[in-house]
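Overview (structure and organization)
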Amino acid sequence: MSGEQPVHVVPPVNSLRMVRTLMLVTALCGGLIVAVWQVTQPAIAANKKVVLERSVRALIPDAARIVEFDASDKGVTASKGDPAAGAVRFYAAYDKEGKLDAIAAEGGARGYSDTVRVLYGYRRDCECIFGIQVTQMKETPGIGDKIITDPAFLKNFERLDVSLTPDMKSLFNAVKTVKHGTKQFGWEIDAIAGATITSKAVGRGINDSAQRLLPLLLPKLEALQQNGGAQ
Amino acid sequence: MSSQALQASNMEQLLEGIWKQNPVFVMALGMCPALAVTVSAFNALGMGLATTFVLICSCTLISMLRRFIPKEVRIATYIVIIATFVTLVDYIIQAVSLALYEALGAFIQLIVVNCIILGRVESHAAKNPPLSALVNALGMGIGFTIGLFALGSVREILGAGKLFGLSLFGDHFQPWVVMVLPPGGFFVLGLWLLFFAWLAKRKEARHGA
């Protein structure tokens, strides 16, 4: 193995040319991206708003006005941009007279194949959830997607008890998904037979969100009562 | 080359991608999006058009820049350019239809690593003038879109009894759900490949006779 190795003559590489080319190409690409972002951003924001409003409207068909708020330790403020860390976004629906009718908020939990996100409607007078809309899910067609269509499952959410403890720190009873056919209490959700994981994701999503939102929101609810006409 | 000959060769280029070298059915490239997003005809069409857009823009631009790009940094340059157009298509789809954007999910961003695009750039656009690169990319894009559409429409018809969301068979149809699940993608792709292989066999037999 002591034979002489052939000497490789590497042609000199012009690094300056490489750097120059890469810089020009990246500058060109950066410019393109910024330009298209500027043009498409308003349309994207409008699209997102329309999709959410459509879900809120499906939940609360009589709403005359829907206003976005963020609830945090510091109180309830009108939403600007993405919610800050620790804040919970919710939507207040006002009727024609500008009176607060209902609250809608989104919760999510991991289902069978991806996060299941549901929008739920809440009313103060019954301290209950009166309906849900699935806003995002990739569950198995024909099985997990029954959470959207199954009438018996949806009946769970016509009057789901989410009343708070007297000190308003947490839910009196956590919302819980139970095995199909074993629902006993108002805060329990009767799972769909064969789609227990997806049903549980719905219950967990609602519970997690309500546990955070309602203790922050209820003490401030009075201030929101007439907000619909004021703005 | 006379203009007629040029046109003829362009036609040839275009047909190559659509039929003779169809990326899905002949070269079996880009299988990841081809299997994953083709649960409906609409998704398949959206993915096909998005890929075509990226293919045409990157191939044309790279072909225009081909003399300025040193070969040592060509892959880096290509990827930057391809990624740029993928980002653009990402924004455009969000602006046009959020429903389509949700349905395609991460596969829009993953167009960057679709081997059809880098393959076209490296084997064709980097060596040919812009017009030829554009025509070749257009052909491949159409071929890919047809391939995805062939998968997506069959899967939607069998798996959901619908085409473009319109119910075809009425309420009594029991959807063949497995067809819109991942295994269905393999079944339908396999059947299409079988069909194309049969076509090729038959052509061969005819020529032999």
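**Notes on the layout of surface pockets**
Residues and elements named next belong to chain B. As a volume, the second largest pocket reaches approximately 330 Å³. For the second largest pocket, the full set of lining residues is Trp19, Lys20, Phe25, Val26, Leu193, Phe196, Ala197, Leu199, Ala200, Arg202, Lys203 and Arg206. Counting residues per element, the ones that place at least two in the lining of the second largest pocket are α1 (3-20) and α8 (182-208). The element best represented in the lining of the second largest pocket is α8, accounting for 8 residues. Its residues assigned to classes, the lining of the second largest pocket shows 8 nonpolar, no polar and 4 charged.

**Quick look at the interface of chain B and chain A**
Taken together, the contact pairs 27 residues of chain B with 23 residues of chain A. Summed over both partners, the interface of chain B with chain A comes to about 2,000 Å²; 79% of that surface belongs to carbon and sulfur atoms. On inspection of chain B and its partner chain A, the count reaches 0 salt bridges. On inspection of chain B and its partner chain A, the count reaches 4 residue pairs in polar contact (both at pLDDT 80 or more). Listing elements by their share of the side of chain B that touches chain A, those giving two or more residues are α3 (41-65), α4 (74-96) and α5 (98-104) of chain B. Among the residues making up the side of chain B that touches chain A, the classes are represented as 19 nonpolar, 5 polar and 3 charged.

**Here we look at the nonpolar core**
Counting residues in each nonpolar core, the largest one holds 52 residues, and the members touching the most others are Val54 and Ile111 of chain B. When contributions to this core are tallied by element, the ones reaching two or more residues are α1 (15-59) of chain A together with α2 (31-36), α3, α4, α5, α6 (115-125), α7 (130-160) and α8 of chain B. With 10 residues, the top contributor of residues to this core is α4 of chain B. When near neighbours in sequence (up to four residues on either side) are disregarded, Ile111 of chain B contacts Met47, Ala50, Thr51, Val54, Val86, Val89 and Ile117 of chain B. By size, the runner-up hydrophobic cluster in this structure holds 39 residues, among which are Ala92, Tyr122, Ile192 and Leu214 of chain A.

**Quick look at the pattern of salt bridges**
Residue and element names in this part refer to chain A. Taken as a whole and judged by the stated rule, the model has 8 salt bridges over all chains. Of the charged contacts, one joins Glu68 and Arg89 as a salt bridge, the two residues approaching to 3.3 Å between their closest N and O atoms. Of this pair, Glu68 sits in strand β1 (residues 65-72) while Arg89 sits in strand β3 (residues 88-94), and the two are 21 residues apart along the sequence. Note on Glu68: relative accessible area 30%, which makes it partly exposed. According to the relative accessible area criterion, Arg89 is buried, its value standing at 18%. The partner of Lys155 in a salt bridge is Glu158, with the nearest N and O atoms 3.7 Å apart. Using a relative accessible area of 54% as the deciding quantity, one classes Lys155 as exposed. Sharing partners across several salt bridges, the network here consists of Glu68, Asp70 and Arg89.

**Quick word on the packing of α7 of chain B against α8 of chain B**
Residue and element names in this part refer to chain B. Between α7 and α8, the shortest axis-to-axis distance is 10 Å and the interhelical angle comes to 120°. The pairing of α7 with α8 is recorded here as oblique in orientation. Regarding α7 and α8, the two cross each other, and that crossing is right-handed. Of the residues in α8, those in contact with Ala150, Leu151, Val154 and Arg155 of α7 are Pro182, Gly184, Gly185, Val188, Leu189 and Trp192. Its residues assigned to classes, the contact of α7 with α8 shows 7 nonpolar, 2 polar and 1 charged.

About the cut-offs
Residues numbered from 1 in each chain as written. Chains lettered and ligands numbered in written order. Predicted model: local features only at pLDDT ≥ 70, side-chain atom pairs only at ≥ 80, totals over all residues. Heavy atoms only, no water. 1 Å grid on protein atoms, 1.4 Å probe; cavity = no way out; pocket = protein on both sides within 12 Å on 5 of 7 lines; lining within 4 Å. Points joined across faces, edges and corners; volume = space filled by probe spheres on them. Helix = DSSP H or I, 4+ residues; strand = E, 2+ residues; numbered from the N terminus. Nonpolar A, V, L, I, M, F, W, Y, C, P; charged D, E, K, R; others polar. Contact = heavy atoms within 4.5 Å. Buried area = accessible area lost by both parts, 1.4 Å probe. Salt bridge = Lys/Arg side-chain N within 4 Å of Asp/Glu carboxyl O. Polar contact = N/O pair within 3.5 Å; in protein donor to acceptor, adjacent residues only side chain to side chain. Core = buried A, V, L, I, M, F, W, Y, C linked by side-chain atoms within 4.5 Å. Buried < 20%, exposed > 50% of the residue type's maximum accessible area, 1.4 Å probe, protein only. Axes fitted to C-alpha atoms, helices over the stretch in contact; angles between N-to-C directions. Parallel < 35°, antiparallel > 145°, perpendicular 65-115°, else oblique. Left-handed = near helix turned anticlockwise from the far one by under 90°.

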